[in-house]
Amino acid sequence: MQSAAARPAGRPRRVLPAEVRVENLMAAAAGLFIARGIDGTTIDDIVAKAGVAKGSFYHYFATKGDVVLALRARFSQDFATQVADAVGRCAPDDHPSRLSAWLRAAIGAYLGNYALHDVVFHDFRHSQRRSAEKDLVLAPLEALLGAGRDAGRWSFPDARSAALVVFDGMHGVVDDAIAAGQHDPEPLCAGLETMFARMLARPWGG
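All values derive from a computational prediction rather than experimental measurement.

Conventions used here
All residue numbers here refer to positions counted from 1 along the written sequence of the relevant chain. pLDDT decides what is reported in this predicted model: residues at 70 or higher carry local features, side-chain atom pairs at 80 or more are listed and counted, and totals for whole chains, interfaces and linings draw on all residues regardless. Only hydrogens and water are removed before side-chain values are computed, so all heavy atoms of the structure are retained for them. Each helix is a run of H or I in the DSSP string that is no shorter than four residues. Each strand is a run of E no shorter than two, and both are numbered from the N terminus. Relative accessibility decides the category of a residue: with a 1.4 Å probe and only protein chains considered, values under 20% of the type maximum give buried, values over 50% give exposed, and everything between is partly exposed. Every residue pair with non-hydrogen atoms within 4.5 Å of one another is taken to be in contact. Every accessible area reported is derived by Shrake-Rupley at a probe size of 1.4 Å, with residue values counting cover from the shown protein chains alone. By convention in these notes, a salt bridge is any Lys or Arg side-chain nitrogen within 4 Å of a carboxyl oxygen on Asp or Glu. Any helix carries an expected span of 1.5 Å times its number of residues minus one. Under this definition, polar contacts are N or O atom pairs within 3.5 Å; protein pairs additionally need one hydrogen-donor-capable and one acceptor-capable atom, and for neighbouring residues in sequence, both atoms have to be side-chain atoms. Per-residue confidence from the predictor is reported as pLDDT, which spans 0 to 100. Ring pairs are drawn from Phe, Tyr and Trp, using the six-membered ring of Trp, whenever the two centres fall within 6.5 Å, and their geometry is named by plane angle: stacked under 30 degrees, edge-to-face over 60, tilted for the rest.

1. Notes on the overall build of the protein chain
Line of reasoning, step 1. Per the secondary structure count, the protein chain includes nine helices and zero strands.
Line of reasoning, step 2. Counting helices and strands in the order they occur from the N terminus, the protein chain gives α-α-α-α-α-α-α-α-α.
Line of reasoning, step 3. For the protein chain, the residues scored as buried account for 35% of the 206 residues in total.
Line of reasoning, step 4. For the protein chain, restricting intrachain contacts to residue pairs at least 6 apart in sequence, the fraction spanning at least 24 positions comes to 65%.
Line of reasoning, step 5. Carbon and sulfur atoms form 55% of the exposed surface of the protein chain, whose accessible area is close to 11,800 Å².

Next comes the structure, spelled out in structure tokens:
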């Protein structure tokens, strides 16, 4: 009989870094939520797909709802980063190009991940009219539009109201296109660019 000392040592258990475990859990949850819905997905499903122990889930998240909130925050951050990168490639004083870059990046980001958006923002309620996630997206757009107005490029009384019209208008047009099975961003970008340019440039009260 082979002694314990003579037996080959077992392969050491690989311990993943914390950020990898969290990423695996969130990626697994996102895929399952899209495929099955939140109610149709259990924590056991998530940990099985992520390949981690159930204790790891509870180390980072108290409930399944916490994963939804984390995915919502990451969606908003990724959206804001993608748009900021596009706008940042434009000259600071080229306000029309900056708005065009915002629109194109926003539409691309939304079309590229609307299935996850629909899942993680499914429970929006009127009591959440002003959320941290929406402010994260709106604040840079408000600043962009305000800078253009201050430079005399556009005319409107309130930059936040203008940002809401642009953001919610973009959101509604893209939602309508998705519902119609139209996923080509180019006609959406071109149409909204023309519409918003005319709307923002119109003299207030004219």
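2. So, the pattern of salt bridges
Line of reasoning, step 1. Summed over the entire model, instances satisfying the criterion amount to nine salt bridges.
Line of reasoning, step 2. Between Asp168 and Lys134 there is a salt bridge whose closest N-O contact spans 3.3 Å. Here Asp168, found in helix α8 (residues 159-179), pairs with Lys134, found in helix α7 (residues 132-150); they are 34 residues apart in sequence, far enough to count as distant.
Line of reasoning, step 3. Using a relative accessible area of 25% as the deciding quantity, one classes Lys134 as partly exposed.
Line of reasoning, step 4. Salt bridges here are not isolated pairs; linked through shared partners, they connect Arg104, Glu186 and Glu193.

3. Regarding helix α4 (residues 64-88)
Line of reasoning, step 1. Between its terminal C-alpha atoms α4 stretches 36 Å, which fits the 36 Å expected from 25 residues at 1.5 Å a residue.
Line of reasoning, step 2. The N-cap of α4, judged by a side-chain oxygen 3.2 Å from the amide nitrogen of Gly65 a few residues on, is Thr63.

4. Thoughts on the confidence of the model for the protein chain
Line of reasoning, step 1. Summary statistics for the protein chain give a mean pLDDT of 87 and a share of 85% for residues scoring 70 or more.
Line of reasoning, step 2. Averaged over each element, pLDDT in the protein chain is lowest for helix α1 (residues 18-36) (90) and highest for helix α5 (residues 95-112) (96).
Line of reasoning, step 3. In the predicted structure, residues 1-13 sits below a pLDDT of 50 and forms two contacts with residues beyond four places in sequence or in another chain.

5. So, the environment of Leu192
Line of reasoning, step 1. Structurally, Leu192 can be placed in helix α9 (residues 185-201).
Line of reasoning, step 2. Residues Leu192 and Ser100, 92 residues apart in the sequence, show an inter-C-alpha distance of 9.0 Å.
Line of reasoning, step 3. The contacts of Leu192, once residues within four sequence positions are left out, are Leu103, Ile107, Met170 and Val173.

6. Considerations on the packing of aromatic side chains
Line of reasoning, step 1. Scanning the model with the defined rule gives three aromatic pairs in all.
Line of reasoning, step 2. Taking 5.3 Å as the distance between ring centres and 80° as the angle between the ring planes, the aromatic pair formed by Phe57 and Tyr58 counts as edge-to-face.

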